[in-house]
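The residues making up each chain are set out below.
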Amino acid sequence: MAKIDFLSLLDFERAGLDEILEKAARLKAELRAGRRSEPLRGQVLGVIFHKPSLRTRISFEVGMQQLGGGSLYITDQEIGFGKREAIKDIGAVMSRFLSGIMIRTFAQSHVDELARWASVPVINGLTDWVHPCQIMADLMTVREHGFDLDAIRVAWIGDGNNVANTWIHAARAYGFEITLACPAGHDPDPESVARVQQSGRGKVTLVRDPREAARGAQVVITDTWTSMGQEAEAQERRRQFASYQVNRELLKLADPRAIVMHCLPAHRGEEITDDVIDGPQSVVYDEAENRLHAQKGILLHCLG
């Protein structure tokens, strides 16, 4: 059987994503009921980290344990990714030891190359282009809060970053409408936008006014204005993004039932206010918890 990688939501049609979400929901229900099967017993996942992590590392390592397998934490200091060793050799050698590889890194090209040479499944834990594991948890959370993924209106407020790109990819799969309000010069990946427009499924709109994006939205999402690797730009970004804060006034424009999402870590008082992130419409901790369940669904889909 051909191996199944999880590199980008663009690699999956809706049916494949639904299958992962259904697995995730079932595994979550089983865990909450105190029932636990171990379908990945004896399997070991190598987890490669080139960026710091809280949710990604914990959710993958705990997820593998709960599924009966194990994990091996590996940093670039051990590997020298593409420097000390060629990516081709890394993929080939790790495949001899491991059942699968999860990598959290910078360049999408490195993930794609690793997947090309590895004979075991490769899972993209984050790159500068996309964050597919996060958006699977987000989609799971939206469903749990009673929204139809075919019919939601999503508002993205802030930087057109890797999380924004992946929400755009999700719009292609499910056909929902997403409006992104980003300052000039910080739009999402134009190729991702074009893929949705060419597919005939989903609707992507780019605006400059966050109020226009928030008006009538059922899902309001933001992320930090300064991502990892952009620390030198932090002061200038605070100036550029000052009017893109998700606060109580902005939220009043959304659907009264709207939920607020943030993948964390949050810079409280910058992209989102305390009264919103800690408020009754916030689902950020449900979203964070669902990283575990969604990634168990991904692991089972790829390794099971």
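One can find the structure itself at the top, above this paragraph.
Nothing here was measured: the structure is a model prediction, and the numbers come from that model.

A.B. asks: Mind laying out the environment of G46, listing which residues take part and the relevant values?
C.D. replies: Positionally, G46 belongs in strand 1 (residues 44-49). Along the primary structure G46 and S71 are separated by 25 residues, whereas in three dimensions their C-alpha atoms are 5.7 Å apart. Residues contacting G46, with those up to four places away along its chain left out, are L72, I74, L98, G100, I101 and M102.

A.B. asks: Requested: an account of the packing of helix 6 (residues 132-144) against helix 13 (residues 284-303), with residues and values cited.
C.D. replies: Viewed as axis vectors pointing N to C, helix 6 and helix 13 meet at an angle of 115 degrees, and their least axial separation amounts to 8 Å. Judged by the angle between their axes, helix 6 and helix 13 are roughly perpendicular. As helix 6 runs across helix 13, the sense of the crossing is right-handed. Here helix 6 contributes C133, Q134, M136, A137, D138, M140, T141 and E144 to the contact with helix 13, which in turn contributes D286, E287, N290, R291, H293, A294, Q295 and I298. Residues belonging to the contact of helix 6 with helix 13 are distributed by class as follows: six nonpolar, five polar and five charged.

A.B. asks: So what about the state of the cysteines? Which residues, and what values?
C.D. replies: Counted under the stated rule, the structure contains zero disulfides. Unpaired in this structure, C182 has its nearest cysteine sulfur neighbour in C263, at a distance of 14 Å. In this structure C263 is a free cysteine whose sulfur lies 12 Å from that of C133, the closest cysteine sulfur available.

The rules behind these values
- Residues numbered from 1 in each chain as written.
- Predicted model: local features only at pLDDT ≥ 70, side-chain atom pairs only at ≥ 80, totals over all residues.
- Heavy atoms only, no water.
- Helix = DSSP H or I, 4+ residues; strand = E, 2+ residues; numbered from the N terminus.
- Contact = heavy atoms within 4.5 Å.
- Axes fitted to C-alpha atoms, helices over the stretch in contact; angles between N-to-C directions.
- Parallel < 35°, antiparallel > 145°, perpendicular 65-115°, else oblique.
- Left-handed = near helix turned anticlockwise from the far one by under 90°.
- Nonpolar A, V, L, I, M, F, W, Y, C, P; charged D, E, K, R; others polar.
- Disulfide = S-S within 2.5 Å.

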